[in-house]
Amino acid sequence: MINRQLIFILIALSVAVPLVIRLGLPNYVTSEVMQVYEEIDQLDSDSVVMISFDHEASSLPEVKPMAVAILRHCFSKNLKVIGFALLAEGTAIGDQILREVAAEHNKVYGKDYVFLGFRPQYQAAILGMGEDIKRVFPQDYKNISLDQIPMMEGIKNYQDISLIISVADGDMPAYWVDYAVSRYHKKVSAAVTAVMATSFYPFLASGQIVGLLGGLKGAAEYEILIEKPGIGQRGMDAQSVSHLMIILLVILGNMGYFLRRRFTG
Amino acid sequence: MQRAIPITVCFVFGFFMLLQFFVPHKLSVLAYENVLDWMQIIFVFTLLVGAASYIRLNTKKVVQTQAGWGYNLVALAGLSLMVILGFWKGTGENTPFLWMFNNLQAPMQATMFSLLAFFVASAAYRGFRARSWEATLLLLTATVVMLGRVPLGNLISHWVPDTANWILSVPSMAAKRGLYIGIGLGTISTSLRIILGIERTYLGRR
Amino acid sequence: MQIGTLIAAFLTLCIFSFLYKDNPFYKFAEHLLVGMSVGYILVIAFNTTVTPKLINPIFQEGKIVYIIPGILGLFMFARFLPKYVWLSRISIALIIGAGAGVAIPATIQAKILAQMQATMIDFATVDGIIIFVAVATTLAYFFFSKEHKGWFGATARVGTWFLMIFFGATFGYTIMSRISLLIGRMQFLLGDFLHVIK
């Protein structure tokens, strides 16, 4: 048996070494990521996109690259962005990511984008925005009344929104499907941590969500599409080597198991 | 009365929200929007109650100098600092609250979850055995998906990512769909039981 | 180097020290994290919800009706008073009841009808047939009103194979997810902290 600490060292090295010595393995784009890209790309400028930061800080290394890549695409297409969070820690993260990416594209707060803050009770928040966004969020994260924000003029509910994107580390996109897609027939895309990705393929196949980004790999694919290499692509070498390391460990474990079984009966 | 009131409230609000879906009248929409508002307001108090309970528990341990009370003091200090900074200087751009979140809370939380990378690798080595046909199927699928979703898989052969994509969008997707349909049926029956007052576990034992 | 990066690196290493064994550095970071998270939620919940959704409507806009959810919210604190704990159940009943009410039509549409519809189409392809068989057999596995014997037992067994494929795929993705989180922390330690990578 390999010592537990040795396994930990092997995993640490398989992640660290490829980050220092780049292998430059070529990545490829999957159809589900392409769907999100195409959906955003075909929107007219000034269309409004909603981004819901439905995650905690624990998944930051996965969700931030996805959110950054999507926002870069949105702002480069001159789309208007409304950000908010349905989980508390997504508030500070969403606010910062929006500000950072907006600054890269010289976008102005209140004119090109807004951040509305946090709202608990996802069912009520999602359903409420289908009727009246200003009722759910009377003011933004800076405590400015939505009536005083120029970008929010003429935006009442989902009818004025072109696409909703849930950046999540849990099953929040499923609730977006339950309440925003089913009741208000709104287009929803999902950018979720890899651990959650397999849960959303049924919604993808049934057309209830438009496209899916799954974790750091999804971010890396999106970075290829927008031709802006970022954290996602930089991490793919380490991802490949560490996966290989775990597969080798599983093979070794099974070899030991079968040899033991053969010799001890 | 102590049980009758909550059961009645549950029935009235549950039945109204269900009925409202089929009756989109102006008045019903107005009441519906109010109920949605109320849900958000009441729910936020559950978060506050959770925080109050955490403060109470830690304070008790510190006051009674129970084993490890120093750590409880650290927890209370962290909590107090965030609350003071948040209410005093705000939570937005360039605030000490956000600085604390970025440099203390977020790195610690992300690291806590990254520990799982080591444990999941160790668990895979020790427990991932092809003991039966089902276990072999699970092991093979995991291996193909792990290889197929990273650039390395594509480098080996385009069949690796193609197979991984097929697994995800056909058999794996279909099994999850079966689970969703089951969950859906379960959700409906449980919701009906709650509204009709048959399911009362949320009321507690007494 | 910025003080924030130094602190973040120290706390990151405190938590990684758990890989060796449980120790005071880890316990310190663990308790600090939980305390700060609770403090964070308290501030965000109050600033972004209690103030704009409850205090402002009552005291600035004079919407007296908001006193009702305010009182129901305060009832939640009755959980600390054993004699009045039943009051908190009224508030819980409202959220659970209303939540159950909106969940029924949404679930029928999103999780049952739409998913069944997507399963019924495309019988002309092999994949379409596999999907139908997988959905039907998975559902059979979770049907416990009939004993899993004979032809029904065999059907349910096929369902477990598809479930194993789903669990395998999810396990593969779980490893991917956890490694991604580790990559994020390594990028911080080797990049922002040690400047080994750019």
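The structure this text deals with has already been given above.
Quantities reported herein were computed from a predicted structural model and do not represent experimental measurements.

Visitor: Would you mind going over the layout of surface pockets in detail, with residue names and values included?
Guide: Over the atoms, a rolled probe matching the size of one water molecule traces out where space is still vacant. Taken as a whole, the largest pocket spans an internal volume of roughly 910 Å³. Around the largest pocket, the lining comprises 28 residues; the ones closest to its centre are A:Leu60, A:Lys64, C:Arg185, C:Phe188 and C:Asp192. Residues that form the lining of the largest pocket fall into these classes: 14 nonpolar, seven polar and seven charged. Within this model, the second largest pocket holds a volume of roughly 620 Å³. In terms of lining, the second largest pocket is formed by 33 residues, of which the most central are A:Tyr122, A:Gln123, A:Asp171, A:Tyr175 and A:Tyr179. Every element with two or more residues in the lining of the second largest pocket is listed here: helix H5 (122-131) and helix H7 (172-184) of chain A, helix H2 (26-63) and helix H8 (171-195) of chain B together with helix H4 (85-120) of chain C.

Visitor: Describe the packing of helix H1 (residues 4-20) of chain A against helix H4 (residues 96-127) of chain B, listing the residues and the values that go with them.
Guide: Taken N-terminus to C-terminus, the directions of H1(A) and H4(B) make an angle of 125 degrees; their axes are 9 Å apart at the nearest point. Taken together, the axis directions place H1(A) and H4(B) in an arrangement best described as oblique. As H1(A) packs across H4(B), the resulting crossing turns out to be right-handed. When H1(A) is examined against H4(B), the residues A:Arg4, A:Ile7, A:Phe8, A:Ile11 and A:Ala12 are found in contact with a partner set consisting of B:Phe118, B:Phe119, B:Ala121, B:Ser122, B:Tyr125 and B:Arg126. A per-class count over the contact of H1(A) with H4(B) returns eight nonpolar, one polar and two charged.

Visitor: Any chance you could break down the sheet that holds strand S1 (residues 48-54) of chain A for me, citing the residues and the numbers?
Guide: Residue and element names in this part refer to chain A. The parallel open sheet is built from six strands, whose spatial order is S3-S2-S1-S4-S5-S6. The sheet is open, and its two edges are formed by strand S3 (113-118) and strand S6 (212-214), each paired on a single side. Averaged over all pairs of adjacent strands, the angle between their axes in this sheet comes to 15 degrees, without regard to strand direction. As defined by bridge partners, S1 adjoins strand S2 (residues 80-85) across five bridges and the pair is classed as parallel. Across the sheet, the residue bridging to serine 52 is phenylalanine 84, located in S2. Of the strands in this sheet, strand S5 (188-192) and S6 are in contact with helix H10 (residues 215-225), which crosses S6 at around 120 degrees.

Parameters at a glance
Residues numbered from 1 in each chain as written. Chains lettered and ligands numbered in written order. Predicted model: local features only at pLDDT ≥ 70, side-chain atom pairs only at ≥ 80, totals over all residues. Heavy atoms only, no water. 1 Å grid on protein atoms, 1.4 Å probe; cavity = no way out; pocket = protein on both sides within 12 Å on 5 of 7 lines; lining within 4 Å. Points joined across faces, edges and corners; volume = space filled by probe spheres on them. Nonpolar A, V, L, I, M, F, W, Y, C, P; charged D, E, K, R; others polar. Helix = DSSP H or I, 4+ residues; strand = E, 2+ residues; numbered from the N terminus. Axes fitted to C-alpha atoms, helices over the stretch in contact; angles between N-to-C directions. Parallel < 35°, antiparallel > 145°, perpendicular 65-115°, else oblique. Left-handed = near helix turned anticlockwise from the far one by under 90°. Contact = heavy atoms within 4.5 Å. Pairing = 2+ DSSP bridges.

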